[in-house]
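Survey of secondary and tertiary structure
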Amino acid sequence: MKRTLQALTVLGTLLIFSCEKNTTFLITENSVGPLEKSSPISELETLFAGDSIVRDTALAQLGSSNKKIEVFEKGGQHLLTLTPNTDSIPTISNVRIMDPRYLSDKGIGLQSTFGEIQKKYPIKKIVTTLNSIVIFPKQSNLYFTLGKEELPSDLRFTTTDIEAVQIPNEAKIKYLMLGWE
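Source: prediction; values computed, not measured. (Residues numbered from 1 in each chain as written. Predicted model: local features only at pLDDT ≥ 70, side-chain atom pairs only at ≥ 80, totals over all residues. Heavy atoms only, no water.)

Notes on the overall build of the chain
Helix and strand counts for the chain come out as 4 helices and 12 strands. Here the chain holds 181 residues, and the buried ones make up 38% of them. Taking as baseline every contact in the chain between residues at least 6 positions apart, the subset at least 24 positions apart corresponds to 47%. Summed over its atoms, the accessible surface of the chain is roughly 11,100 Å², and 54% of this surface lies on carbon and sulfur atoms. (Helix = DSSP H or I, 4+ residues; strand = E, 2+ residues; numbered from the N terminus. Buried < 20%, exposed > 50% of the residue type's maximum accessible area, 1.4 Å probe, protein only. Contact = heavy atoms within 4.5 Å. Areas by Shrake-Rupley, 256 points an atom, 1.4 Å probe, with all protein chains shown as cover.)

Things to note about the pairing of strand 9 (residues 123-128)
Taken together, the 5 bridges between strand 9 and strand 10 (residues 132-137) define a ladder with antiparallel strand orientation. In the strand pairing of strand 10, Val127 is matched with Val134. (Pairing = 2+ DSSP bridges.)

Examining the confidence of the model for the chain
Scored by pLDDT, the chain comes out at a mean of 86, with 83% of its residues at no less than 70. Below pLDDT 50 for its whole length, residues 59-64 participates in 3 contacts with residues either more than four positions away or in separate chains. (pLDDT = per-residue confidence, 0-100.)

Looking at the pattern of salt bridges
Any two side chains of opposite charge can pair, given that their charged atoms come close. Within the structure shown, the criterion is met by 3 salt bridges. With a shortest N-O distance of 3.1 Å, Glu45 and Arg55 are connected by a salt bridge. With a gap of 10 residues between them, Glu45 in helix 2 (residues 44-47) and Arg55 in strand 4 (residues 51-55) connect regions that are remote in the sequence. A relative accessible area of 41% places Glu45 in the partly exposed class. Residue classification places Arg55 among the partly exposed residues on the basis of a relative accessible area of 35%. (Salt bridge = Lys/Arg side-chain N within 4 Å of Asp/Glu carboxyl O.)

A word on unusual backbone geometry
The backbone of Gln139 shows a phi angle near 50 degrees, a positive value even though the residue is not glycine. Tracing the sequence through the fold places Gln139 in the loop between strand 10 and strand 11 (142-147). According to the relative accessible area criterion, Gln139 is exposed, its value standing at 82%.

Quick look at the structure:
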């Protein structure tokens, strides 16, 4: 009886641990995988211990403030491009998601469409640029860029405001970014 109880306890513990959600490729408002909004730049090697961190040393030597940090998987897959802020203790101000395995807590990733974005996030603002449109959801640090080639031909070469109803539901995401200020 005692062995049966011990076996059930061990089995129950294993079941609980196996049900934990894998956050390796999870995007939330305050984190991207192991990276958190408050994580200092100095901890990147620890946070991405199994991956490769690439810093642009040429720009750093020139004193440029536009020092991007790229995170690659050991197999070579580009995971993230990070932009540090210039605070006294630098953290990350912007994250560009490069790998389609990353998904927001609402299930949106690089392979999602505008229709899927609209179902999961209420739209706060749409900004039109020369080559793209940027979608800013309400109450979210995420933002999505769609290439103008995804739009109907009469909207591709204009810089006038574009409304959500003019964007096809099947328009694919070009860039997925997370901005922390």
